[in-house]
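# Coordinate inspection notes
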Amino acid sequence: MKQIMTSLLMVVAMAGASCTGNAQNKNGGNASVNDTTIVVPKDSVPQNAEDSICNNPDVRPKYDTKGSVTFLLDFLNKNLHYPEEAVKKELQGTVIVQMVVEKDGTPTHFEVIREVDPLLDNEALRVAKLLPKFVPAQKDGKPVRCIFNFSVPYRL
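Attention in this report is confined to the structure presented alongside it. (Residues numbered from 1 in each chain as written. Predicted model: local features only at pLDDT ≥ 70, side-chain atom pairs only at ≥ 80, totals over all residues. Heavy atoms only, no water.)

### Quick word on the nonpolar core
Counting 24 residues, the largest nonpolar core has Val95, Leu131, Phe150 and Tyr154 as the members making the most contacts within it. Residue assignment for this core shows that the elements contributing at least two residues are α2 (68-79), β4 (93-101), α4 (118-128) and β8 (146-154). Beyond its immediate stretch of four places on either side in the chain, valine 95 contacts Val112, Arg114, Val116, Leu120, Asp121, Ala124, Phe150, Ser151, Val152 and Tyr154. (Core = buried A, V, L, I, M, F, W, Y, C linked by side-chain atoms within 4.5 Å. Buried < 20%, exposed > 50% of the residue type's maximum accessible area, 1.4 Å probe, protein only. Helix = DSSP H or I, 4+ residues; strand = E, 2+ residues; numbered from the N terminus. Contact = heavy atoms within 4.5 Å.)

Given below as structure tokens:
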């Protein structure tokens, strides 16, 4: 199991995280965290002029640590579990979780935008909901709401 988690975290490090991304949600299609278009179901994120989502912040959300990516990897290492049933079924793939990082850094509005299997999807979502506050994204020196995607690859 340790080998599985090590493999998992190495791929997470390579996949990285993105503040913006193009992803087709549960209706299918490939997702890419490097494109500039964001697909967010309109009913999942309330919007008005005050609460609009910034698609191109000057500063992306991050963790206030020496290595923000390292923090995320350590967090996943401590909290993510490869479900036993998924191992038995030999399920593999990359789940992409999308969320909104609010102006105060709180992660909200969690959604799996690239599904693999409910066993893996639910675990990735569970861990995403445990994430602590970020240092929020900024535009013109002010905190803004921002979409944040991250990949959770499962490899046996």
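Back to the text.
### Looking at the packing of α2 against α4
The relative placement of two packed helices is expressed as an angle between their axes plus a distance between the axes. At a closest axis distance of 10 Å, the pairing of α2 and α4 adopts a crossing angle of 120°. Between α2 and α4, the interaxial angle falls into the category oblique. Two packed elements cross with a definite hand, and for α2 against α4 that hand is right-handed. The residues of α4 that touch α2, namely those facing Phe75, Leu76 and Asn79, are Glu123, Arg126 and Val127. (Axes fitted to C-alpha atoms, helices over the stretch in contact; angles between N-to-C directions. Parallel < 35°, antiparallel > 145°, perpendicular 65-115°, else oblique. Left-handed = near helix turned anticlockwise from the far one by under 90°.)

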